[in-house]
Amino acid sequence: MEKWVCEPCGYVYDPAEGDPDNGVEPGTAFENLPEDWVCPVCGATQDMFVKE
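Residues numbered from 1 in each chain as written. Predicted model: local features only at pLDDT ≥ 70, side-chain atom pairs only at ≥ 80, totals over all residues. Heavy atoms only, no water.

Here we take up the overall build of the chain. Within the chain, the regular secondary structure consists of 0 helices and 3 strands. The order of α-helices and β-strands along the chain, N terminus first, is β-β-β. For 52 residues, the compact-globule formula gives about 10 Å, and the C-alpha radius of gyration of the chain, at 10 Å, lands near that figure. Along the longest, intermediate and shortest principal axes, the C-alpha atoms of the chain span 25 × 20 × 15 Å. (Helix = DSSP H or I, 4+ residues; strand = E, 2+ residues; numbered from the N terminus. Rg over C-alpha atoms; globule rule 2.2 N^0.38 Å.)

This is the structure we're talking about:
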């Protein structure tokens, strides 16, 4: 699975790790994130992420 980078702050979403602190299980592809999920560092929306 591909990693995605938040352009504003550089946070990397790694599907292998997920985002457990925000209810996203490890193994969750970026495309399968909940619609209301935002960058846990800066709050940017998913459209601000680009493939690594």
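Moving on, there is more to tell.
Time to look at the side chain of Q46. Along the chain, Q46 falls in the loop between β2 (12-13) and β3 (49-51). Beyond its immediate chain neighbours, meaning those up to four positions away, Q46 contacts F30, L33, P34, E35 and W37. (Contact = heavy atoms within 4.5 Å.)

Enumeration over the complete set of coordinates arrives at 7 aromatic pairs. Between the aromatic rings of Y13 and W37, the centroid separation amounts to 5.4 Å while the plane-to-plane angle is 65°, which identifies the pairing as edge-to-face. Taken together, the residues Y13 in strand β2 and W37 in the loop between β2 and β3 connect sequence positions 24 residues apart. Residue classification places Y13 among the buried positions, given a relative accessible area of 0%. What makes W37 buried here is its relative accessible area of 5%. Taking 5.5 Å as the distance between ring centres and 50° as the angle between the ring planes, the aromatic pair formed by W37 and F49 counts as tilted. Here W37, found in the loop between β2 and β3, pairs with F49, found in strand β3; they are 12 residues apart in sequence, far enough to count as distant. (Phe/Tyr/Trp six-rings, centres within 6.5 Å; stacked < 30°, edge-to-face > 60°. Buried < 20%, exposed > 50% of the residue type's maximum accessible area, 1.4 Å probe, protein only.)

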